[in-house]
Amino acid sequence: MFFPVINLLSRLIPLWVAVACLKVCTPQADADPVVYVTMVSHFDRPWAMTDGDLVALKKLTRLHPKMRWTHLYNPVAYTQETPLREAMERFVKQTRDHHGAEIGTHLHMYRSLLTAAGVTFVDHPSVTAQQVKGSRDDSGYAVPITRYSRKEIGWLLEHTRKIYQERGLGQPKTFCAGFYATSLDLQNMIAAHGYTTSAAAFPTQTVYGAQYAPSWHALSGWNASVTYKSRPYRISQNSILPGHDAPFINAIDKQPLVEIPQTCKIDWMVSAEDMKLIFKEHLAIARQGTATAICLAIHETSSEANFDKFHQVLRYIDEHIHSGSQPQVKYITTAELRDRILELN
Ligand SMILES: [Zn+2]
């Protein structure tokens, strides 16, 4: 009975009442709280992607037409031999042009990418070690971007921009570095290079899903203030973490850079059940009057292996949307979600 009564009431309340409410309600209260669902693809090792992985990503697109990809694409595909490069580039462009997808950026500190950008490669520390001291990764994959200087980060972002321009991939708006590592320096640098959105805030706890290695906790920049319940937030000039006030880091459009928390961690860390429970937790947050968002994340090289898991979770979300029940649920890209969050309060 509850939902029909709400529906009826919402039709009876005149628009001016809603407008008046918007003006007097606290910034936390939204007139029509929505649970936004973002879905990011991480391109970590593009050279290792298989035909089966590409088929899995295409199938998820076809079977869930309302879903909106945010591809965290990786320019390393253009700095070393990558057999499926043309096919994956076609895929990300095709979803952008026909399925409302966004093409953002994901950078791991591989030697080929760094060399191409004019940055000297280092192999330490590593975020996948038991301790920071003495940790290293010869491939650079697990070396956090934050161990490089602002100047070097600037060269990497500029090199990425050039590759994206040459390949017709557009100006990327959403940024996430390997293993979600970030810092105030990096957030300021991405804002200066045209990004508007960060998809990096990562839950450190194990309420849902597995956890990274101890060195990640020391190096990533995140702490227990980021949880599976965290909502998108403006990034303060004083901290990358949620719950900090203005002044905010502004993007080039003079509006704040927004962080989209990675509520559902990433494929291997979580089960379908974990993702559904997190979605339900956010439905509960919206029912209390606050717009919120979840983020699902899948790696390109394990999309075939994880297809069933994500198909199941997306079907569960699709069913909620098709049922028309409250709160409203909408698929959205991370950069579009940033604009929505800024409009809200
Ligand atoms: Zn990655």
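Further up the page is the structure itself.
Notes on the structure follow. (Residues numbered from 1 in each chain as written. Predicted model: local features only at pLDDT ≥ 70, side-chain atom pairs only at ≥ 80, totals over all residues.)

**A short note on the overall build of the protein chain**
Note the threshold: Think of it this way: any DSSP run of H or I at least four residues long counts as a helix, any run of E at least two long counts as a strand, and we number them from the N terminus. As a reference, a globule follows 2.2 Å times the number of residues to the power 0.38, and the radius of gyration itself is taken over C-alpha atoms. Buried residues are those with 20 or more other C-beta atoms within 10 Å of their own C-beta, exposed residues have 12 or fewer, and partly exposed residues lie in between; C-beta atoms are placed from the backbone. C-beta atoms are placed from the backbone for every residue, and two residues are taken to be in contact when these atoms lie within 7 Å.
From N to C terminus, the protein chain includes eleven helices and nine strands. On C-alpha atoms alone, the protein chain measures out to a radius of gyration of 20 Å, which is about the 20 Å that the 2.2 N^0.38 rule sets for 345 residues. Looking at the protein chain residue by residue over its 345 residues, the buried ones come to 46%. Across the protein chain, contacts joining residues at least 24 apart in sequence account for 76% of those joining residues at least 6 apart.

**Quick look at the environment of Lys58**
Counting through the fold element by element, Lys58 comes out in helix H3 (residues 51–63). Between the C-alpha atoms of Lys58 and Val92, which are 34 residues apart in sequence, the distance is 9.9 Å.

**So, the pairing of strand S4 (residues 174–177)**
Rules: Two strands are said to pair when DSSP picks up at least two bridges between them.
Burial along S4 is two-sided: the face carrying Thr174 and Cys176 and the face carrying Phe175 and Ala177 are both buried. Across three bridges, strand S3 (residues 102–107) lies against S4 in parallel orientation. From the neighbouring strand, His106 faces S4, where its bridge partner is Cys176. As defined by bridge partners, S4 adjoins strand S5 (residues 197–198) across two bridges and the pair is classed as parallel. Following the sheet pairing, Thr174 is matched in S5 by Thr197.

**Focus: the packing of H3 against helix H4 (residues 85–99)**
For clarity, the threshold we go by: Note on geometry: axes are lines fitted to C-alpha atoms, helical ones only across the stretch in contact, with angles between N-to-C directions running from 0 to 180 degrees. Reported orientations rely on four angle classes, namely roughly parallel under 35 degrees, roughly antiparallel over 145, roughly perpendicular from 65 to 115, and oblique for the rest. Gly counts as polar in this scheme, as do all residues outside two lists: the nonpolar Ala, Val, Leu, Ile, Met, Phe, Trp, Tyr, Cys and Pro, and the charged Asp, Glu, Lys and Arg.
The geometry of H3 relative to H4 is characterised by a closest axis approach of 11 Å and an angle of 5° between their N-to-C directions. Classified by the interaxial angle, the pair formed by H3 and H4 is roughly parallel. Contacts between H3 and H4 involve Leu54, Leu57, Lys58 and Thr61 from the first element and Ala87, Met88, Phe91, Thr95 and His99 from the second. The residue makeup of the contact of H3 with H4, split by class, is five nonpolar, three polar and one charged.

**Let's talk about unusual backbone geometry**
His124 connects to Pro125 through a cis peptide bond whose omega is -10°. Following the sequence through the fold, Pro125 ends up in the loop between helix H5 (111–117) and helix H6 (150–166). Following Ala246, the chain continues to Pro247 via a peptide bond in cis, the omega torsion being 0°. With a phi close to 65°, Tyr180 is a non-glycine residue in the positive phi region. Locating Tyr180 in the fold gives a position in the loop between S4 and helix H7 (184–192).

**Considerations on the nonpolar core**
Selection rule: In this usage, the nonpolar core is the set of buried Ala, Val, Leu, Ile, Met, Phe, Trp, Tyr and Cys residues whose C-beta atoms join them within 7 Å.
Counting 90 residues, the largest nonpolar core has Ile294, Cys295 and Leu296 as its most contacted members. Here this core gets six residues from one element, more than from any other, and that element is strand S8 (residues 292–299).

**As for the environment of His98**
With respect to the helices and strands, the residue His98 is situated in helix H4. Linking His98 and Met67, residues 31 residues apart in sequence, is a C-alpha distance of 12 Å.

**Focus: the packing of H3 against helix H10 (residues 307–323)**
Convention followed: By definition, turning the near helix anticlockwise from the far helix through less than a right angle yields a left-handed crossing, and turning it clockwise yields a right-handed one.
Between H3 and H10, the shortest axis-to-axis distance is 10 Å and the interhelical angle comes to 10°. Here H3 is positioned roughly parallel relative to H10, judged by the angle of their axes. Seen from above, H3 lies across H10 with right-handed handedness. Taking contact as the criterion, the partners of Ala56, Lys59, Leu60 and Leu63 in H3 are, on H10, Phe307, Phe310, His311 and Leu314.

**Quick word on the pairing of S8**
Each regular strand carries side chains that alternate between the two faces of the sheet. Extensive coverage of S8 is indicated by the burial of eight of its eight residues. In this structure, strand S1 (residues 34–42) lies alongside S8, joined through eight bridges in parallel fashion. Bridging across to S8, Met39 finds its partner in Leu296.

**So, helix H9 (residues 272–287)**
This is how the line gets drawn: Take the residue count of a helix, subtract one, and multiply by 1.5 Å to get its expected span. Throughout, the arc means that of the directions going from the helix axis to the C-beta atoms.
The end-to-end C-alpha distance of H9 is 23 Å, a good match for the 22 Å that 16 residues give at a rise of 1.5 Å each. Buried residues of H9: Met275, Ile278, Phe279, His282 and Ala286, and no others. On an axial view of H9, the arc spanned by its buried residues comes to 100°, and they lie on one face. Along H9, the residues that are exposed and aim more than 90 degrees away from the buried face are Glu273 and Ala284. Summarising the contacts, the buried residues of H9 are in contact with S1, S8 and H10. Positioned one or two residues after H9, Gly289 has a phi angle of 105°, which is positive.

**Some words on the environment of Gly243**
On the secondary structure map, Gly243 appears in the loop between strand S6 (233–234) and strand S7 (258–259). Gly243 sits in the exposed class, given 10 other C-beta atoms within 10 Å. Sequence spacing of Gly243 and Gln205 is 38 residues, and the spatial spacing of their C-alpha atoms is 18 Å.

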